[in-house]
Amino acid sequence: MIDDGSLTLLWDIDVRRLSDIYDTRDTFLTLYLPVGSSSDARRNDTFIEKRLRTMRKVLGKEMYEEVRSNIERVRDLIGPDPIEGEKGRIIFSSLSMDLLERYRVPVSIDRKLVLDTSPYLLPLAILRDDILPYGVVMVDSRSSKLVLVRSGTCESIDSSSIDLMNKHKMGGMSQRRFQRLREGAIGNFLKGVTDDMESFTSQDRLRGIIIAGPGEAKKQLFDMLPPHLKDMVISVMDWDMDMPCGEIIESGEEISKAHEMEWGKELVDELRSDILRGESAAFGPADVRKALEKGKVRDLLILKGTKVPGWLCESCQNLKKGKSPPSKCPRCGSPLTQVDFIEELYELAQRTGAHIDFIDSSPFMESIGGIGAILRY
Ligand SMILES: [Zn+2]
């Protein structure tokens, strides 16, 4: 699938599907290229030529020819000028699988050319993690708005309002009765808002929700939320109902980043105490791989920047860390391919439905080799 010439938000790239793709050969090409500035095109060309020269030296003739024709095939997709807003280009290509996909993305990315047995997704995953969308629920006692904030845009998802009774329309009614009816109506209205939030949060993976509004209704709404929605609330803010998108993004970004760091810290603390108690945890590349293969991982924690070389047997999925692979798979005798071990663990986690969290910095994570897992049991 080649893009139709429009931008793709990182969040719309189907990483789950891509992580299910794997080839039996080491010739799956992934390209990450910056395209935002005028010098990028020339630099991308130089970069690719240089990588080709290196590969010519290290790959066998047959494999090098395959890689070269793969690159020739994608050249048309690398070249064209960026469209408006495009800062990066991601290309996946495999000749043997007849697969070719290009994404034009609105974020700048580091230049990378990777040959692997599957799409190389780690840089994309980290970029996506940084821009995880979050929801904003704006509410007062008579109206509500649900807004999805992602990639620097506000998308209005839902809105509702009630027509509260007017005192003078209710002629003859006692003040107390009027007040009771009014409170009942607001309660019902807010119950409706929690239902909207329920369907809103079930669709996308969200970093969290900010509840905001000018008066008391936001606190009332928060108190009414079922526990799993309450857990998603990052903050309750005193904002005007008509706060413009730009201001929502500015304040929301700050709040959600701070929350994300706090959340990462909590996960690392949980991992550490699980390890210390000797239960429900795995750490270091080899142990984490075992736990992932058994489908036991609830949360995979990856310290950003962690690099572990490894090798993989695609026929029996034997995955081991280590710089120099043996000449053939010790388990089944098939040829082996060199891989990025962390990338392979990330793909395993995707396939087994584990939650993946990237940690910005943590001396503890460094001390356990940059990778750890909190287990389901
Ligand atoms: Zn094998």
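Above this text sits the structure in question.
To start, this report covers the structure provided alongside it. (Residues numbered from 1 in each chain as written. Predicted model: local features only at pLDDT ≥ 70, side-chain atom pairs only at ≥ 80, totals over all residues. Heavy atoms only, no water.)

### Looking at the sheet that holds strand 14 (residues 337–340)
Consideration 1: Strand order in the open sheet made by the 3 strands is 13-12-14, with antiparallel pairing throughout. Every interior strand has two partners, whereas the edge strands, strand 13 (318–321) and strand 14, have only one. With strand direction ignored, the average angle separating the axes of adjacent strands in the sheet is 35°.
Consideration 2: The sheet contact formed by strand 12 (residues 309–313) and strand 13 spans 4 bridges and is antiparallel. By the bridge assignment, Cys313 is partnered in strand 13 with Asn318. (Pairing = 2+ DSSP bridges. Helix = DSSP H or I, 4+ residues; strand = E, 2+ residues; numbered from the N terminus. Axes fitted to C-alpha atoms, helices over the stretch in contact; angles between N-to-C directions.)

### Focus: the sheet that holds strand 6 (residues 143–150)
Consideration 1: On the basis of which strands lie adjacent, the open sheet formed by 5 strands has the order 7-6-5-8-9 and mixed pairing. Since the sheet does not close on itself, it has two edges, and those belong to strand 7 (153–161) and strand 9 (233–237), each with one partner. The average angle at which neighbouring strand axes cross in this sheet is 15°, direction not considered.
Consideration 2: Here strand 5 (residues 134–139) pairs with strand 6 via 6 bridges, running antiparallel. Paired with Val137 across the two strands is Leu146, which belongs to strand 6.
Consideration 3: Strands strand 5, strand 6, strand 7 and strand 8 (209–212) of the sheet are contacted by helix 5 (residues 175–203), whose axis makes an angle of about 20° with strand 6.
Consideration 4: Of the strands in this sheet, strand 5, strand 6, strand 7, strand 8 and strand 9 are in contact with helix 8 (residues 245–277), which crosses strand 5 at around 125°. (Contact = heavy atoms within 4.5 Å.)

### Regarding the coordination of the zinc ion
Consideration 1: Ligation of the zinc ion by protein atoms is provided by Cys313 (SG), Cys316 (SG), Cys329 (SG) and Cys332 (SG), these donors lying 2.2 to 2.4 Å from the ion.
Consideration 2: Coordination geometry of the zinc ion: the 4 donor atoms subtend angles of 103 to 116° at the metal centre, consistent with an arrangement described as tetrahedral.
Consideration 3: Read from N- to C-terminus, the donor residues coordinating the zinc ion fall into the pattern C-x2-C-x12-C-x2-C. Here Cys316, found in the loop between strand 12 and strand 13, pairs with Cys329, found in the loop between strand 13 and strand 14; they are 13 residues apart in sequence, far enough to count as distant. (Donors = N, O, S within 2.8 Å, 3.2 Å for Na, K, Ca; no water. Tetrahedral: all angles 85-135°; square planar, octahedral: opposite > 155°, others 65-115°.)

### Considerations on a negative patch on the surface
Consideration 1: On the surface, a cluster of negative charge is contributed by Asp240, Asp242, Glu247, Glu250 and Glu254.
Consideration 2: Locating Glu247 in the fold gives a position in helix 8. (Patch = residues over 30% accessible without salt bridge, like charges linked within 9 Å, V, L, I, M, F, W, Y side chains within 5 Å. Areas by Shrake-Rupley, 256 points an atom, 1.4 Å probe, with all protein chains shown as cover. Salt bridge = Lys/Arg side-chain N within 4 Å of Asp/Glu carboxyl O. Lys, Arg positive; Asp, Glu negative; His and termini not counted. Charge placed at Lys NZ, Arg CZ, Asp CG, Glu CD.)

### Brief notes about the environment of Ser273
Consideration 1: Inspection of the secondary structure puts Ser273 in helix 8.
Consideration 2: Taking the C-alpha atoms as reference, Ser273 lies 44 Å from Ser143; in sequence the two are 130 residues apart.
Consideration 3: Looking at Ser273, its side chain comes within polar contact range of the main-chain oxygen of Glu270, at 3.2 Å. (Polar contact = N/O pair within 3.5 Å; in protein donor to acceptor, adjacent residues only side chain to side chain.)

### Section: the state of the cysteines
Consideration 1: Applying the stated criterion across every chain, the model contains 1 disulfide.
Consideration 2: Disulfide pairing places Cys154 opposite Cys245 at an S-S distance of 2.2 Å. Where Cys154 bonds to Cys245 through sulfur, the torsion about that S-S bond is close to 95°, and the disulfide is right-handed. Of this pair, Cys154 sits in strand 7 while Cys245 is found in helix 8, placing the two residues 91 residues apart along the sequence. (Disulfide = S-S within 2.5 Å.)

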